[in-house]
Amino acid sequence: MFNKTIRLFQNMKQPNEVHVVLFLTACANLGTPEALSLIKKVSSEMPRSFYSSPQVLTSLIDALIKCGDIEGAESVFAQSR
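Since this is a predicted model, take the numbers as computed values, not measurements. (Residues numbered from 1 in each chain as written. Predicted model: local features only at pLDDT ≥ 70, side-chain atom pairs only at ≥ 80, totals over all residues. Heavy atoms only, no water.)

Draft legend 1. Representation of the overall build of the chain. If you tally the helices and strands in the chain, you get five helices and zero strands. Reading the helices (α) and strands (β) of the chain from amino to carboxyl end gives α-α-α-α-α. In terms of overall dimensions, the chain is globule-like: its C-alpha atoms have a radius of gyration of 11 Å, near the 12 Å expected for 81 residues. Expressed along its principal axes, the backbone C-alpha trace of the chain runs to roughly 30 × 25 × 15 Å. Buried positions account for 36% of the 81 residues belonging to the chain. Pairs at least 24 apart in sequence give 53% of the contacts found in the chain among residues at least 6 apart. Carbon and sulfur atoms make up 56% of the accessible area of the chain, which amounts to about 5300 Å² in all. Each charge class in the chain was averaged separately, 8 positive and 7 negative side chains, and the resulting centres sit 8 Å apart. (Helix = DSSP H or I, 4+ residues; strand = E, 2+ residues; numbered from the N terminus. Rg over C-alpha atoms; globule rule 2.2 N^0.38 Å. Buried < 20%, exposed > 50% of the residue type's maximum accessible area, 1.4 Å probe, protein only. Contact = heavy atoms within 4.5 Å. Areas by Shrake-Rupley, 256 points an atom, 1.4 Å probe, with all protein chains shown as cover. Lys, Arg positive; Asp, Glu negative; His and termini not counted. Charge placed at Lys NZ, Arg CZ, Asp CG, Glu CD.)

Draft legend 2. Focus on helix 5 (residues 70–79). Among the residues of helix 5, Gly72, Ala73 and Val76 are the ones counted as buried. For helix 5, the angular spread of the buried residues around the axis is 100°, confining them to a single face. Facing away from the buried side of helix 5 by over 90 degrees, the exposed positions are Glu71 and Glu74. The elements touched by buried residues of helix 5 are helix 4 (54–66). (Arc of directions from axis to C-beta.)

Draft legend 3. Quick look at the environment of proline 47. Residue placement: proline 47 occurs in the loop between helix 3 (33–45) and helix 4. Take proline 47: its relative accessible area is 39%, and that puts it in the partly exposed class. Considering only alpha carbons, one finds proline 47 and valine 21, 26 residues apart in sequence, at a separation of 13 Å.

Draft legend 4. Fine view of the packing of helix 3 against helix 4. Relative orientation of the contacting elements helix 3 and helix 4 amounts to 150°, with a least axis distance of 9 Å. If you check the angle between helix 3 and helix 4, you find them roughly antiparallel. The handedness of the crossing between helix 3 and helix 4 comes out as left-handed. Where helix 3 abuts helix 4, its residues Leu36, Ile39 and Ser43 lie against Leu60, Ala63 and Leu64. Split into classes, the residues belonging to the contact of helix 3 with helix 4 amount to five nonpolar, one polar and no charged. (Axes fitted to C-alpha atoms, helices over the stretch in contact; angles between N-to-C directions. Parallel < 35°, antiparallel > 145°, perpendicular 65-115°, else oblique. Left-handed = near helix turned anticlockwise from the far one by under 90°. Nonpolar A, V, L, I, M, F, W, Y, C, P; charged D, E, K, R; others polar.)

Draft legend 5. The arrangement of the packing of helix 4 against helix 5 in detail. Contact geometry for helix 4 and helix 5: axes closest at 7 Å, N-to-C directions at 160°. Classified by the angle their axes make, helix 4 and helix 5 are roughly antiparallel. Pair helix 4 / helix 5 crosses with left-handed handedness. On helix 5, the residues that touch Leu57, Leu60, Ile61, Leu64 and Ile65 of helix 4 are Ile70, Gly72, Ala73, Val76 and Phe77. Tallied by class, residues from the contact of helix 4 with helix 5 come to nine nonpolar, one polar and no charged.

Spatial relationships are all this shows, so hold off on functional conclusions.
Here you go:
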């Protein structure tokens, strides 16, 4: 169901924070290079206000780590303080 979750997310016009968390969780569970590319794309396009959500930040860091981008996760963590 992770791939279906990602497809549904990609069809949303204005996803909210909950949608982003679900998307990031699906990507984290896949843990593939393709999922990492999607994570980077979505995180670069999401509103800055989403970065103040602990749930979004935690999900983003978790997804980056599980997809193998430790440096990216460290960067997000450092910027969140």
